[in-house]
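The lines below spell out each chain.
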Amino acid sequence: MSDHVTDASIDIVDQWAGSQDLPAWFVAALDVPREDNFVEVDGIKVHYFRWGKRGNPPLLVTHGFLAHSRCFAFIAPFLADEYDIVAYDLAGMGESEMIADCDGVKRAQAMIGVADALDLFAGPVKPKIVAHSFGSGVALTAMELAGERFGGLIICDLMIMRPEKLMAHFKGGGGPPGSGKSDKPNNIYPDYETARGRFVLAPPQDVQTPFLLEYMAYHSMRQVAGGWSWKFDPQVFHRNENDQAKWLEAPKRIADLSHPLAIVYGEKSKLFDADSAAYIRELGGDHIPMIAVPEAEHHLMLDQPLAFVAALRAMLAMMPS
């Protein structure tokens, strides 16, 4: 496999950026050199970006449901001087192929496989994982399967609630992250503007940096015959019968994890709040450091990207190397 280094500024195109006032920090972040490539894991093509110097402490980074690794494309560059960072698209999302009969364990095994295939286990320092939302659930399972191979996990705003609050959330139509039909092909819209009008965040929220919402929306779509459509594979909507049970078990699994762990969440998040933190501590997780990013909701990298960077730097510095 050869390196394929691209000019990251190709992310900035007139279709989404033409009417936006882009701050200098964002443009500079996207100009930081990165590798843009694919790796094969158990016969499945996985798309990833890579920043930093090989040999530096490794980080494996991934995103939430229906998102893609570009949600860290303006975060990872701020860590690139100190770390060797791989951000990858989960199966069936972004540019990565879907895994047949995919479930949480297969996603976790794929996460371990990505780290293996890209030699993140090869150096003297174990790789740490940084994962947002749905990706944090994948990472938690990966730590349970192979935690001795990793240096730790930073969970970023995973949905955590007390049982009664979680069930009320489900009954109110909140449900687990994402909704859709696994057997229904993605819609095709006649033009970008129409497709953009259907892009929404889950859970819904306004963002404090609107240009980042436009950036994420554009890179969540692709041109196809007849117009524009989504990049994700509809099979990602397949749900297991015990899906709710897994979310009920998640707080205890976090509290019981015997490997280094930290939590970053949005202070105004609807999925992880101060009571979520208190509940984890009550379950035995009072040793877990937790940082709330001020003014951020669930999509904290779209609300407070630089504060999110600072929180990650702090948590990474606290973890043993």
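You'll find the structure just up there.
Residues numbered from 1 in each chain as written. Predicted model: local features only at pLDDT ≥ 70, side-chain atom pairs only at ≥ 80, totals over all residues. Heavy atoms only, no water.

Draft legend 1. Seen up close, the pairing of strand 5 (residues 84-88). Of all five residues in strand 5, five are buried; the element is thus mostly enclosed. Alignment of strand 3 (residues 44-51) against strand 5, held across four bridges, turns out to be antiparallel. Counterpart to F49 in the pairing with strand 5 is A87. Relative to strand 5, strand 4 (residues 58-62) runs parallel, the two sharing four bridges. Counterpart to L60 in the pairing with strand 5 is V86. (Buried < 20%, exposed > 50% of the residue type's maximum accessible area, 1.4 Å probe, protein only. Helix = DSSP H or I, 4+ residues; strand = E, 2+ residues; numbered from the N terminus. Pairing = 2+ DSSP bridges.)

Draft legend 2. Structural view of the environment of P190. Note that P190 resides in the loop between helix 5 (163-171) and helix 6 (192-196). Taking C-alpha positions, P190 is 6.3 Å from G226, a pair spaced 36 residues apart along the chain.

Draft legend 3. Molecular detail of empty space enclosed by the protein. Overall, the coordinates contain one cavity of 30 Å³ or more when judged by the stated rule. Estimated volume of the largest cavity: approximately 50 Å³. In terms of residue class, the lining of the largest cavity is built from nine nonpolar, no polar and no charged. (1 Å grid on protein atoms, 1.4 Å probe; cavity = no way out; pocket = protein on both sides within 12 Å on 5 of 7 lines; lining within 4 Å. Points joined across faces, edges and corners; volume = space filled by probe spheres on them. Nonpolar A, V, L, I, M, F, W, Y, C, P; charged D, E, K, R; others polar.)

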